[in-house]
Amino acid sequence: MAWSVRAVGLTLALLMSTNPALAASAGALAAMPIEQAATELSPNQFVWKDDTASGAASEPVSIVISLLAQRAFVYRGSTMIAATTISSGKNGKDTPLGTYPILQKNAVHKSNLYNDASMPFMQRLTWDGIAIHAGRNPGFPDSHGCIRVPLGFAKRLFGVTTLGTTVTVTDDFEGGAMPEPPVADQETAIANLRQSVSLDP
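The text that follows walks through the structure, step by step, so that each part is easy to find.

1. With respect to the pattern of salt bridges
Working step 1: Summed over the entire model, instances satisfying the criterion amount to three salt bridges.
Working step 2: With a closest N to O distance of 2.8 Å, Asp50 and Arg76 form a salt bridge. Of the two residues, Asp50 is situated in the loop between β1 (46-48) and β2 (61-66) and Arg76 in strand β3 (residues 71-76); the sequence distance between them amounts to 26 residues. Each member of the pair, Asp50 as well as Arg76, carries the same accessibility label: buried.

Below you can see the structure in the form of structure tokens.
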């Protein structure tokens, strides 16, 4: 039997909600290596271990969104520095796969499409409405296509990214070492080029 990404995410969320013993405490998560902690997160939990004192702060930040695991992973260079649970697009409002530059950042943003809904710490990925922002995070796909993350994570992420920071949305990554950049098909490559050009003043 084939399982969809959404079915896997919903199953994980149901397991967590019916068995609180599976959820790790914030203290326990902080004591784990970040790659392990990323797999133990419950809805609305995140880990952040950015060792800026080591001089690594000069390395570029990139983000990988795993629709399969319903996680976001943040890397500085090739080192994972943060991870969180997410809520991506529900059926019919799927979050599009691809690699995107952050096009716009707005700490206090209201949706242009959905009744002025609040989208704190919004980081736009596409001009047609896909963004990373703080929002309801039940642990399974439930958004209109955006990538919702916990408020505390959204605020910290907003502080380490810049326009042009790369965000890869994939359905075949579960965490760990940063994946190789995907080879974009021609249509995606053209769309990404147009978006990148739009960042130039």
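2. Focus on the environment of Ala38
Working step 1: Looking at the secondary structure, you find Ala38 in helix α3 (residues 34-40).
Working step 2: Under the relative-accessibility criterion, Ala38 is labelled buried at 2%.
Working step 3: Residues Ala38 and Thr84, spaced 46 residues apart in sequence, show a C-alpha to C-alpha distance of 6.9 Å.
Working step 4: Setting aside its immediate chain neighbours within four residues, Ala38 contacts Arg71, Phe73, Met80 and Ala83.

Analysis parameters
- Residues numbered from 1 in each chain as written.
- Predicted model: local features only at pLDDT ≥ 70, side-chain atom pairs only at ≥ 80, totals over all residues.
- Heavy atoms only, no water.
- Salt bridge = Lys/Arg side-chain N within 4 Å of Asp/Glu carboxyl O.
- Helix = DSSP H or I, 4+ residues; strand = E, 2+ residues; numbered from the N terminus.
- Buried < 20%, exposed > 50% of the residue type's maximum accessible area, 1.4 Å probe, protein only.
- Contact = heavy atoms within 4.5 Å.

On their own, these measurements won't tell you what the molecule is for.
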